[in-house]
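In case you want the letters, here they are:
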Amino acid sequence: MLVFSTKLPLKQEVSQEICLQLFIDWIIQSEHYPIANISYNVSSHEDYHIEEGKISFSISHYKDDKIELSACRLENNETNAVWINDCIFLQEKGTKTLLIQLNCNRLDFSTKLPLIHKPYIVRKFIEGGFCRDDATILVTDSPIEVNDHNLDICARIMRGEINYTMPVVYVSCDYWGSTAISAAYLARQLSGVAHVFVETNHEVALKLRETTGGKNAHNKYIGVYFPRSEFCEKFCLDYFDDYKAMSRAVIDSVWRALINRIDSSVYNWNQIMTLQARQRMNKWKVTSLADKEELEKYMNSFDSENDELSSKIRDLNEQNANLRAQLDAMRLAIQAGKEDSGFYKMGNEHDLYPGEHTELLYSILSQVQAKYETNSRAFAIIQSLVNANKPIGECSRILEGLKTVLYNGGRLNASSKSMLKDLGFAIEEDGGTHYKLTFHEPRYMFTVSKTPSDHREGKNLYSDICKILDVTKKIL
């Protein structure tokens, strides 16, 4: 079973000989593997195999007019599991990349996998400076701070406009520059697997919201963005036991995405064996027409079987992704009874600010509870839910701040504009007589006169905004 996969972009000067030597050095220098000596000439392009106890190491090559492959396979036979680590150098259309894949196959009947660690060889390539930029993104083990110089790159990532290869993890901050989890920790854990960007001030989020149409993760959310897609998987600390659980969930999400990527099934050790076999069969062609026809039939049958196996691999990968999604859903359902965990499914609407969903459900349940008899089961369940899911009061804070600004006649000055931005509003001056106030997303836009003619105008606007944004208002 494939448990880890990544694809590193390599600098043009990095040759397959350099990669092979790094693979060999990694193995003979490791205290975990008993192979002390590997006698192999990295320039020979010959296949190679050695075994020492429960460890085996192999090298294989393939080259045609389109691609060049050099692969190393390290197999470790433990008591209850077989670990297979493949490192594949790929040169295709002049571009060099490194594929690193880890498989774990259990020998017992346990349904639980052993603890999975990122192969150390990934770190060797990152720290050795062998990786080129991924599109325009630096491949590093440190978080990339978001500023005016790379703001456009972040916006294009969020709009799905950059053809990079590794996922992007975006760590946003709150109004005071605080993040939910450590970006430095994520960057170390995901080095060679994903890029980590981190905000250090909230002004960045306001700018990105305007340029991405609200597609940016913000207010301490973590967003995982994927190449050539606007899709973003978002994580909020409110739905995890602690920051450690949230960090693990982000890392697991990236790993799952890379495992399901198509090149993890196309370019692997078995595929290289298949390509080698076909290349040998082409060399076996003889001049006899009858022999050629017979060989072509065999090769066509071989290709058909290989295509069928590739299709099965894709289907199994999809099934694996679906099962993992179901497992995640079941885990959330199991956690529903735990303190500080959610008791509902988020759906397609994400929080515009931390705890928005919880505040809405808390308000509704608190009001509905009075409709039940105090000794009823429904009353007891609702009491348990509201006790376990206390709101953090962000909605009240936003509305109180908004009231302070708009009850002052509705006229906006530099101070009130700054306060509105801190509350989550973007302010747009259209050149006319009004300002446009947008709360996080374009569908929540309001207008206010630059020169209010009536002292009640600010209060009326406040009332209109509350009708749309107040998730704690009385409904019964």
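Right, let's walk through the structure included here. Quick caveat: nothing in here was measured; it's all calculated off a predicted structure. (Residues numbered from 1 in each chain as written. Predicted model: local features only at pLDDT ≥ 70, side-chain atom pairs only at ≥ 80, totals over all residues. Heavy atoms only, no water.)

Some thoughts on the packing of helix H12 (residues 394-406) against helix H13 (residues 414-423)
At a minimum axis distance of 10 Å, the contact between H12 and H13 shows a crossing angle of 165°. Here H12 is positioned roughly antiparallel relative to H13, judged by the angle of their axes. For the pair H12 and H13, the crossing hand works out as left-handed. On H13, the residues touching Arg397, Ile398, Gly401, Leu402 and Val405 of H12 are Ser416, Met419, Leu420, Asp422 and Leu423. Here the residues of the contact of H12 with H13 sort into six nonpolar, two polar and two charged. (Axes fitted to C-alpha atoms, helices over the stretch in contact; angles between N-to-C directions. Helix = DSSP H or I, 4+ residues; strand = E, 2+ residues; numbered from the N terminus. Parallel < 35°, antiparallel > 145°, perpendicular 65-115°, else oblique. Left-handed = near helix turned anticlockwise from the far one by under 90°. Contact = heavy atoms within 4.5 Å. Nonpolar A, V, L, I, M, F, W, Y, C, P; charged D, E, K, R; others polar.)

Some words on the pairing of strand S4 (residues 67-77)
A large share of S4 lies buried, amounting to nine of its 11 residues. Bridge analysis of strand S3 (residues 55-63) against S4 gives nine bridges, and the strand direction is antiparallel. Residue pairing for S4: Ile55 is matched across the bridge by Asn76. Hairpin connection, S3 to S4: the antiparallel pair is bridged by three residues. Pairing geometry for S4 and strand S5 (residues 81-92), over 11 bridges, is antiparallel. Among the inter-strand pairings, Glu75 is bridged to a residue of S5, identified as Ile84. (Buried < 20%, exposed > 50% of the residue type's maximum accessible area, 1.4 Å probe, protein only. Pairing = 2+ DSSP bridges.)

Considerations on the sheet that holds strand S2 (residues 48-52)
One open sheet accounts for six strands, arranged S1-S6-S5-S4-S3-S2; its pairing is antiparallel. The sheet terminates laterally at strand S1 (2-9) and S2, the two strands that pair on one side only. Strand after strand, the sheet turns through a mean of 10° between neighbouring axes, direction not considered. Sheet analysis places S5 next to strand S6 (residues 95-106), joined by 12 bridges and oriented antiparallel. When the sheet's bridge partners are listed, Phe89 is paired in S6 with Leu98. Of the strands in this sheet, S3, S4, S5 and S6 are in contact with helix H1 (residues 16-29), which crosses S4 at around 5°. Each of S1, S5 and S6 is contacted by helix H2 (residues 120-127), which is oriented at about 15° to S1, the strand it contacts most.

A look at the packing of aromatic side chains
As enumerated under the stated definition, the model contains 11 aromatic pairs in all. Ring centres of Tyr175 and Trp176 lie 5.7 Å apart, and the angle between their planes is 85°; this geometry places the pair in the edge-to-face category. Owing to a relative accessible area of 65%, Trp176 belongs among the exposed residues under this scheme. Arranged with centres 5.5 Å apart and planes meeting at 85°, the rings of Tyr407 and Tyr462 form a pair that is edge-to-face. Note that Tyr407 is positioned in the loop between H12 and H13 and Tyr462 in helix H14 (residues 457-469), a separation of 55 residues in sequence. The partly exposed category is assigned to Tyr407, whose relative accessible area is 38%. Take Tyr462: its relative accessible area is 12%, and that puts it in the buried class. (Phe/Tyr/Trp six-rings, centres within 6.5 Å; stacked < 30°, edge-to-face > 60°.)

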